[in-house]
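Okay, here's what each chain looks like letter by letter:
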Amino acid sequence: MRSSPSVRPKGLFEYGMWLFTRLSGLTLLLFGAVSLGAAFVLGGRTELDMPAMFRWIFFPNPNHVINSNIPDVEQGWSNTFWQIYSMAMIFLAAGHAFNGLRMVLEDYITRPLLVKLVRTALVVLWLGGLVVAVFVILAS
Amino acid sequence: MTLNRRVSVRSGLRYKGRLGMANWLLHRITGLGILLFVGIHVVMGFLGQRYADNTAFTVNAIYQSWAFQLFVYFSVLFHATNGARLAVMDLFPGLIRFERELIWLQWLIFIPTYGLPSFIMIQNTLTGA
């Protein structure tokens, strides 16, 4: 059935990103579960609808969940622990997402110059996104 | 072997991918969908908070509607369950033998985890709760 015995890609960079995608994916599941659990414990158990849950799962930051009904949202969340937690999460998620986008695009783009341009654009978007995320986390 | 293009619509649409191909395709589509959703959400959040832009509030209202949430929840949960299966299979290659069973397990987790909240959301919408 299987055409190649190994699914692991060749080359150090590709292998590193292959491994990173798997490990960051599993870690992000853990992060999401902890964020949602903490939102329940810290007063949101009966206050969360689906959009509010997604806001906590993806980005547990007081500035991000301003629309939810959670009482005293600043008190439990505006501290260094959740700032570091959010940053770790954003760094893993951004790497996972932009590498995934790169892999999908490079399945369809074959011209070397275009590949180079796409990679440059993705690096700019990725780093820009990280700067914005760090700014938002530190400002709130 | 050449590709025969003179086939009926029915046979052209028939699934000929092997085990996991539909999952592979859905994994890509949902992954790109999540990235697109989050990207637009970040830009609109910036426009809304900085400039109180009306487009941003409209997009936010669409994002928070129950119909769109069903769509987002499907994407996120499918990408999560399928991705977890892939990661476990790739990190422990001995489990590739049980791919079919793992796909069953994946859907066994997905269906109640997706179905119950969706049912509640639709019920709340219909009854106006």
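The structure under discussion appears in the preceding block.
This text gives an overview of the structure that appears in the document. Everything numeric here is computed off the predicted structure, so don't read it as measured data.

## With respect to the overall build of chain B
Phase 1 of the analysis: The helix and strand tally for chain B stands at 5 helices and 0 strands.
Phase 2 of the analysis: Counting helices and strands in the order they occur from the N terminus, chain B gives α-α-α-α-α.
Phase 3 of the analysis: Judged by the C-alpha coordinates and their principal axes, chain B covers about 60 × 35 × 35 Å.
Phase 4 of the analysis: Counting over 129 residues, chain B shows a buried share of 9%.
Phase 5 of the analysis: Sequence separation of 24 or more characterises 61% of the internal contacts of chain B that already satisfy a separation of 6 or more.

## Quick word on the overall build of chain A
Phase 1 of the analysis: A tally of helices and strands in chain A yields 5 helices and 0 strands.
Phase 2 of the analysis: Burial analysis of chain A (140 residues in total) assigns 21% to the buried set.

## What about the packing of helix α2 (residues 21–51) of chain B against helix α3 (residues 54–64) of chain B?
Residues and elements named next belong to chain B.
Phase 1 of the analysis: Close contact between α2 and α3 brings their axes to 8 Å; oriented N to C, the two are set at 135°. Accordingly, the angle class assigned to the pair α2 and α3 is oblique. The way α2 lies across α3 gives a crossing that is left-handed. Packed against α2, whose contacting residues are I40, H41, M44, L47 and G48, the element α3 presents T55, A56, F57, V59, N60 and Y63 at the interface.
Phase 2 of the analysis: Of the residues contributing to the contact of α2 with α3, the split by class is 7 nonpolar, 4 polar and no charged.

## Examining the interface of chain B and chain A
Phase 1 of the analysis: Residue-level contacts link 18 residues of chain B with 14 residues of chain A.
Phase 2 of the analysis: At the level of elements, α2, α4 (66–91) and α5 (99–127) of chain B are the ones that each hand at least two residues to the side of chain B that touches chain A.
Phase 3 of the analysis: The element best represented in the side of chain B that touches chain A is α4(B), accounting for 9 residues.
Phase 4 of the analysis: Looking at side-chain class alone, the side of chain B that touches chain A contains 11 nonpolar, 4 polar and 3 charged residues.

The rules behind these values
Residues numbered from 1 in each chain as written. Chains lettered and ligands numbered in written order. Predicted model: local features only at pLDDT ≥ 70, side-chain atom pairs only at ≥ 80, totals over all residues. Helix = DSSP H or I, 4+ residues; strand = E, 2+ residues; numbered from the N terminus. Buried ≥ 20, exposed ≤ 12 C-beta atoms within 10 Å, placed from the backbone. Contact = placed C-beta atoms within 7 Å. Axes fitted to C-alpha atoms, helices over the stretch in contact; angles between N-to-C directions. Parallel < 35°, antiparallel > 145°, perpendicular 65-115°, else oblique. Left-handed = near helix turned anticlockwise from the far one by under 90°. Nonpolar A, V, L, I, M, F, W, Y, C, P; charged D, E, K, R; others polar.

That is the geometry; function is a separate question.
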